Amino acid sequence: MHKSRGFTIVELVAVIVITGIIAAVAAPRFIGRDAFDARGDFGTLSSALRYAQKTAIAQRTVIYANINTSARTVCLGYTSNCSSPVIDPATQAAYAKNLSNSITLSASSAIIGFDGLGRPIPNATVILTIQNAVATAEPARTITVEAETGYVH
């Protein structure tokens, strides 16, 4: 009689279950949330700057983005200190975003204004850099606001 060799279905299911449990417990230790903070904050900051520019064009007025690099916050307002804030359409409150504590933020200008044509005030290129302070091997992300056009990229 020929005996077949191999694993039974019960053994295979047991190995898959054990592997799944180990992956669920061990994976979060290797892949932390901090690795994604710089990417998310990059998107938050660039979209805030784009929203400021689009709002300035739509309302034909000057809108300021006040970027506090030490507190890692950004607010949009009709004044440079955000005392008269722009309304966030998602929350119907003042447009203010907090960035994560696990990044370092630097800016060549802390206050960026956009005029009614979308041009930056002052008319100079502004560079913002976001670096993940926890995963330092991750490359820095740069946001550039171009002079003359206000193009944010």
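What you are looking at is a predicted structure, and each value in this text was computed from that prediction instead of being measured. (Residues numbered from 1 in each chain as written. Predicted model: local features only at pLDDT ≥ 70, side-chain atom pairs only at ≥ 80, totals over all residues. Heavy atoms only, no water.)

1. Topic: the side chain of Glu138
- Turning to its location among the elements, Glu138 is positioned in the loop between β7 (126-132) and β8 (141-145).
- Accessibility expressed as a relative area gives 10% for Glu138, which makes it buried.
- A distance of 3.4 Å separates the side chain of Glu138 from the side chain of Asn132, its partner in a polar contact. (Helix = DSSP H or I, 4+ residues; strand = E, 2+ residues; numbered from the N terminus. Buried < 20%, exposed > 50% of the residue type's maximum accessible area, 1.4 Å probe, protein only. Polar contact = N/O pair within 3.5 Å; in protein donor to acceptor, adjacent residues only side chain to side chain.)

2. Some points on the environment of Ala52
- With respect to the element layout, Ala52 can be found in helix α2 (residues 34-59).
- Note on Ala52: relative accessible area 0%, which makes it buried.
- Distance from Ala52 to Tyr78, taken between C-alpha atoms, is 9.9 Å for residues 26 residues apart in sequence.
- In this view, Ala52 contacts Ile63, Leu76 and Phe114; residues no more than four positions away in its chain are not counted. (Contact = heavy atoms within 4.5 Å.)

3. Some points on the state of the cysteines
- Enumeration according to the criterion identifies 1 disulfide in this entry.
- A sulfur-sulfur distance of 2.1 Å marks the disulfide that ties Cys75 to Cys82. Because the torsion about its S-S bond is 95 degrees, the bridge between Cys75 and Cys82 counts as right-handed.
- Since its relative accessible area comes to 14%, Cys82 is described here as buried. (Disulfide = S-S within 2.5 Å.)

4. Examining the environment of Thr142
- Topologically, Thr142 is positioned in strand β8.
- C-alpha separation for the pair Thr142 and Gly118, spaced 24 residues apart in sequence, amounts to 20 Å.
- Non-local contacts of Thr142, meaning those with residues more than four positions away in its chain, are made with Phe42, Ile127, Leu128, Thr129 and His153.

5. A closer look at the nonpolar core
- Counting residues in each nonpolar core, the largest one holds 24 residues, and the members touching the most others are Leu45, Leu49, Ile67, Ile112 and Leu128.
- Looking at this core, the element that brings in the most residues is α2, giving 6 residues.
- If near-sequence neighbours (up to four positions away) are discounted, Leu45 is found in contact with Ile67, Val74, Leu105, Leu128, Ile130 and Ile143. (Core = buried A, V, L, I, M, F, W, Y, C linked by side-chain atoms within 4.5 Å.)

6. Description of the packing of aromatic side chains
- Enumeration according to the criterion identifies 1 aromatic pair in this entry.
- Ring geometry for Tyr51 and Tyr95: centres 5.3 Å apart, planes at 15 degrees, overall stacked. One end of the pair, Tyr51, is in helix α2; the other, Tyr95, is in the loop between β2 (73-77) and β3 (96-98), with 44 residues separating them in the sequence.
- Classification of Tyr95 as buried rests on a relative accessible area of 7%.
- Stacked on the ring of Tyr95, the Lys or Arg Lys97 has its end atom at 5.0 Å from the ring centre. (Phe/Tyr/Trp six-rings, centres within 6.5 Å; stacked < 30°, edge-to-face > 60°. Lys NZ or Arg CZ within 6 Å of the ring centre and 35° of its normal.)

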